[in-house]
Amino acid sequence: MKTSRILFAVLATALIGCSSWGENLVDGFRTPPPGYGEVPFWWWNGARLDKARFLWQLDELHRAGISGVQINYCHLITGPWDEVPGDPDIFTDAWWDAFSFVAVECAKRNMGVGVSDYALAFPGRENLYKRLKICTPETYSQHLVFQKDGKVVPVVRPGTLDPMNAETARRLIERFFDPFLAHTPPEAHKALNYFFQDELILTDHQRIWTANFADEFKKRKGYDIVPKLRGLFTDIGPDTYKVRLDFNDVQVALTEERYFKPLYEWHAKRGLIYGCDHASRGKNPMQFGDYMRTTRWYTAPGFDTPGSGPDPVKCKVGSSISHLYHRPRVWLEGYHSQGWQASTETIFAATVRNYVYGANLFNLHGLYYTTEGGWWEWAPPCYHFRQPYWKLMPHTFKYFERLSWMLTRGVHVCDVAIVMPQEMMVVNSFVGTKSTALSHAFIRKLAVEGSCDCDVIDSDSLAAATIGRTEGAVTLDVAGDCSVTARGRLADGTAISFTARANDEGDALAIPV
């Protein structure tokens, strides 16, 4: 009953906060426009691709109200995570023929079709990215090493990708994304959608370097970083924290400008959903240098929830990015490896909770092109036409389709903002780790109790926020599209920023506390 009350409150907030009063919310809720239904991962391993089988499966999915499909490939379970080839192999002429056929058929049914890079993109593995020569010595990353003699030197990491090298994103666009435009028939271009970056791996190190980093740093920060690189590893006096924050800021800025933002813009200017499930799922503030700053460059920031349970931390981080940076969707990838005993009850209960926490794009992990042999089944089960409850699933799909549409209306208003302690992780990883754990615990406490709503806020959004007053209540207004209502007195923005940066006790900062 508590979940139902919370969800009703969420819907009421969407209605009250809706800025588009011209919309007919009742009609939209009753019959949402295309694009808000479930989008499954469609695993094309296990058998030769066949057009007759495609047609039967697409018809089944369309009748159930599925909005689109996303093609996936699995990797080897043992040894290196090499791609398991399909039949025909991806990006061959025969494969493009199959993809084009599916795109045309999806367009006829007003469905979307996209591709995930899962298993295709892991650097240094035998996979599509290697065949496309995206990961080569020219795009290998470098990380900084603190030597015994006290010197800091860059070391090349073979089999990794440098996100601060603009060539990396250029190759991805030219060799991976652009071919979909070239091979999709004109009448099917409207079906292209739902691309997904899954468990992105670039480099395995936090302090990375690139050829012109020193020049870019001096241009942006006004001093030479090279003599101060020791400060990233050891105490160099009063400048230690400043050097670490400045280095991280430039590293993340270059990563955004040269990798994440170009890929985002390729999708955004075409109106495409571009989702993600990064390996830390928002629980590591330092992934890619700054999780929230880099993950804001997706139209559908998201996360993976294995098994059958909801996860408020993952979901709140993803939905907060959506609220803070005007991203339309929050991608919920559920629920792999639950096993063939999975039921509609477990699917429904977990998804309702995840929607309460902010998700609004429903993606079930399992849709198998085939189960022949069963040897390759990837993180079972298949939640679709292979299940005995398939004929009942359209009711579940319609429920979440309506919620997905409604929860993209209006402006998000919440009670508490929890600061992502990324800057504390930069300056003092021990204290930052403690602060991160406390932040996660606070999110879970609010989620379980259901007493009030919260968002996670990053330092960029906090610095740009203004203190306001709405109907007598003090608010923290963020980017004009999200506000936090203070229950008590709210400190001024400068004090908040200072507390977020300088709380050496590692306390999780909530506004209001």
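Rules and cut-offs
- Residues numbered from 1 in each chain as written.
- Predicted model: local features only at pLDDT ≥ 70, side-chain atom pairs only at ≥ 80, totals over all residues.
- Heavy atoms only, no water.
- Pairing = 2+ DSSP bridges.
- Helix = DSSP H or I, 4+ residues; strand = E, 2+ residues; numbered from the N terminus.
- Contact = heavy atoms within 4.5 Å.
- Axes fitted to C-alpha atoms, helices over the stretch in contact; angles between N-to-C directions.
- Parallel < 35°, antiparallel > 145°, perpendicular 65-115°, else oblique.
- Left-handed = near helix turned anticlockwise from the far one by under 90°.
- Nonpolar A, V, L, I, M, F, W, Y, C, P; charged D, E, K, R; others polar.
- Expected span 1.5 Å × (residues − 1).
- Buried < 20%, exposed > 50% of the residue type's maximum accessible area, 1.4 Å probe, protein only.
- 1 Å grid on protein atoms, 1.4 Å probe; cavity = no way out; pocket = protein on both sides within 12 Å on 5 of 7 lines; lining within 4 Å.
- Points joined across faces, edges and corners; volume = space filled by probe spheres on them.
- pLDDT = per-residue confidence, 0-100.
- Polar contact = N/O pair within 3.5 Å; in protein donor to acceptor, adjacent residues only side chain to side chain.
- Salt bridge = Lys/Arg side-chain N within 4 Å of Asp/Glu carboxyl O.
- Core = buried A, V, L, I, M, F, W, Y, C linked by side-chain atoms within 4.5 Å.

1. Some points on the sheet that holds strand β3 (residues 112-115)
Line of reasoning, step 1. With respect to topology, four strands assemble into an open sheet ordered β3-β2-β1-β12, the strand pairing being parallel. One side of each edge strand has no neighbouring strand; the edge strands of this open sheet are β3 and β12 (367-368).
Line of reasoning, step 2. Examined bridge by bridge, strand β2 (residues 68-72) and β3 share four bridges and lie parallel to one another. When the bridges of β3 are listed, Ile71 appears paired with Val115.
Line of reasoning, step 3. Here helix α3 (residues 51-63) sits on the sheet and contacts β1 (41-43), β2 and β12; the angle it forms with β1, its principal contact strand, is near 160°.

2. What about the packing of helix α4 (residues 93-108) against helix α6 (residues 166-183)?
Line of reasoning, step 1. Where α4 contacts α6, the two axes come as close as 10 Å, and the packing angle between them is 65°. Between α4 and α6, the interaxial angle falls into the category roughly perpendicular. In terms of crossing hand, the pair formed by α4 and α6 is right-handed. Contacts between α4 and α6 involve Trp95, Trp96, Phe99 and Ser100 from the former and Pro179, Phe180 and His183 from the latter.
Line of reasoning, step 2. Grouping the constituent residues of the contact of α4 with α6 by class yields five nonpolar, two polar and no charged.

3. Regarding helix α12 (residues 393-406)
Line of reasoning, step 1. Spanning 14 residues, α12 covers 20 Å between terminal C-alpha atoms, matching the ideal 20 Å at 1.5 Å per step.
Line of reasoning, step 2. By the burial criterion, the buried members of α12 are Met393, Thr396, Phe397, Phe400, Glu401, Leu403, Ser404, Trp405 and Met406.

4. Let's talk about empty space enclosed by the protein
Line of reasoning, step 1. Tallied over the entire structure, the rule returns six cavities of 30 Å³ or more.
Line of reasoning, step 2. Space inside the second largest cavity adds up to approximately 70 Å³.
Line of reasoning, step 3. Considering the residues around the second largest cavity, the lining is formed by Asp117, Ala121, Phe122, Tyr129, Leu161, Gln197, Asp198, Glu199, Leu200, Ile201, Leu202 and Tyr259.
Line of reasoning, step 4. Residues of the lining of the second largest cavity, tallied by class, amount to eight nonpolar, one polar and three charged.

5. Considerations on the confidence of the model for the protein chain
Line of reasoning, step 1. Per-residue pLDDT for the protein chain averages 87, and the proportion of residues at 70 or more is 86%.
Line of reasoning, step 2. Low pLDDT, under 50, characterises residues 1-6; the stretch is placed with nine contacts to residues that sit more than four places away or in other chains.

6. Looking at the side chain of Gln197
Line of reasoning, step 1. Tracing the chain through its elements places Gln197 in strand β6 (residues 195-198).
Line of reasoning, step 2. Judged by relative accessible area, Gln197 falls into the buried class, the value being 2%.
Line of reasoning, step 3. For Gln197, the side chain forms a polar contact with the side chain of Tyr259, separated by 3.0 Å.
Line of reasoning, step 4. Looking at Gln197, its side chain comes within polar contact range of the side chain of Tyr274, at 3.2 Å.
Line of reasoning, step 5. Once residues within four sequence positions are removed from consideration, Gln197 is found in contact with Asp117, Tyr259, Leu263, Tyr274, Gly275, Cys276, Asp277 and Tyr298.

7. A closer look at the pattern of salt bridges
Line of reasoning, step 1. Taken as a whole, this structure holds 36 salt bridges when the rule is applied.
Line of reasoning, step 2. Between Asp87 and Arg48 there is a salt bridge, with the nearest N and O atoms lying 2.5 Å from each other. Residue Asp87 is located in the loop between β2 and α4, and its partner Arg48 is located in the loop between β1 and α3; the two are separated by 39 residues in the primary sequence.
Line of reasoning, step 3. Ionic pairing is found between Lys242 and Asp246, a salt bridge with its closest N-O pair at 2.9 Å. Taken as a pair, Lys242 and Asp246 lie in helix α8 (residues 240-268) at a separation of four residues, close to a single helical turn.
Line of reasoning, step 4. According to the relative accessible area criterion, Lys242 is partly exposed, its value standing at 45%.
Line of reasoning, step 5. One continuous salt-bridge network, built from bridges that share partners, spans Lys221, Lys242, Asp246, Asp249, Glu256, Arg293, Arg296 and Asp460.

8. A closer look at the environment of Ile418
Line of reasoning, step 1. For Ile418, the location among the structural elements is in strand β14 (residues 416-419).
Line of reasoning, step 2. For Ile418, a relative accessible area of 1% corresponds to the buried category.
Line of reasoning, step 3. C-alpha of Ile418 to C-alpha of Ile443: the two residues are 25 residues apart in sequence and 8.0 Å apart in space.

9. Some words on the nonpolar core
Line of reasoning, step 1. Grouped together as the largest cluster of nonpolar side chains are 103 residues, with contacts concentrated most on Trp44, Trp95, Phe99, Phe176 and Phe180.
Line of reasoning, step 2. Non-local contacts of Phe176, meaning those with residues more than four positions away in its chain, are made with Phe91, Val115, Asp117, Leu120, Leu128, Tyr129, Leu132 and Arg171.
Line of reasoning, step 3. Val313, Leu324, Met420 and Ile443 belong to the second largest nonpolar core, which has 19 residues in total.

10. Describing the sheet that holds strand β4 (residues 141-146)
Line of reasoning, step 1. Strand order across the open sheet formed by three strands is β5-β4-β7, with antiparallel pairing between neighbours. Looking at strand neighbours, the two that pair on one side only are β5 (152-157) and β7 (208-209), the edges of this open sheet.

11. Topic: the packing of α3 against α4
Line of reasoning, step 1. Contact pair α3 / α4: the axes reach a minimum separation of 11 Å and the direction vectors enclose 30°. As far as their axial angle goes, α4 and α3 are roughly parallel. Seen from above, α3 lies across α4 with right-handed handedness. Here Lys51, Phe54, Leu55 and Leu58 of α3 come into contact with α4, specifically with Asp97, Ala98, Phe101, Val102, Glu105 and Cys106.

12. Considering the environment of Thr346
Line of reasoning, step 1. Mapping Thr346 onto the fold places it in helix α11 (residues 344-356).
Line of reasoning, step 2. Overall, Thr346 belongs to the partly exposed group, its relative accessible area being 27%.
Line of reasoning, step 3. Each C-alpha atom, one on Thr346 and one on Tyr335, is 9.6 Å from the other, the two residues being eleven residues apart in sequence.

13. Some details on unusual backbone geometry
Excluding glycine, most residues fall at negative phi; most peptide bonds, likewise, are trans.
Line of reasoning, step 1. In this structure, Pro88 follows Asp87 across a cis peptide bond, with omega equal to 5°.
Line of reasoning, step 2. With respect to the secondary-structure elements, Pro88 resides in the loop between β2 and α4.
Line of reasoning, step 3. Residue Pro381 follows Pro380 across a cis peptide bond; omega there is 25°.
Line of reasoning, step 4. The backbone of Arg281 sits at a positive phi, close to 50°, despite the residue not being glycine.
Line of reasoning, step 5. Arg281 sits in the buried class, given a relative accessible area of 14%.
Line of reasoning, step 6. Although it is not a glycine, His326 adopts a positive phi angle of roughly 60°.
Line of reasoning, step 7. Its place among the elements puts His326 in the loop between α10 (312-324) and β10 (331-334).

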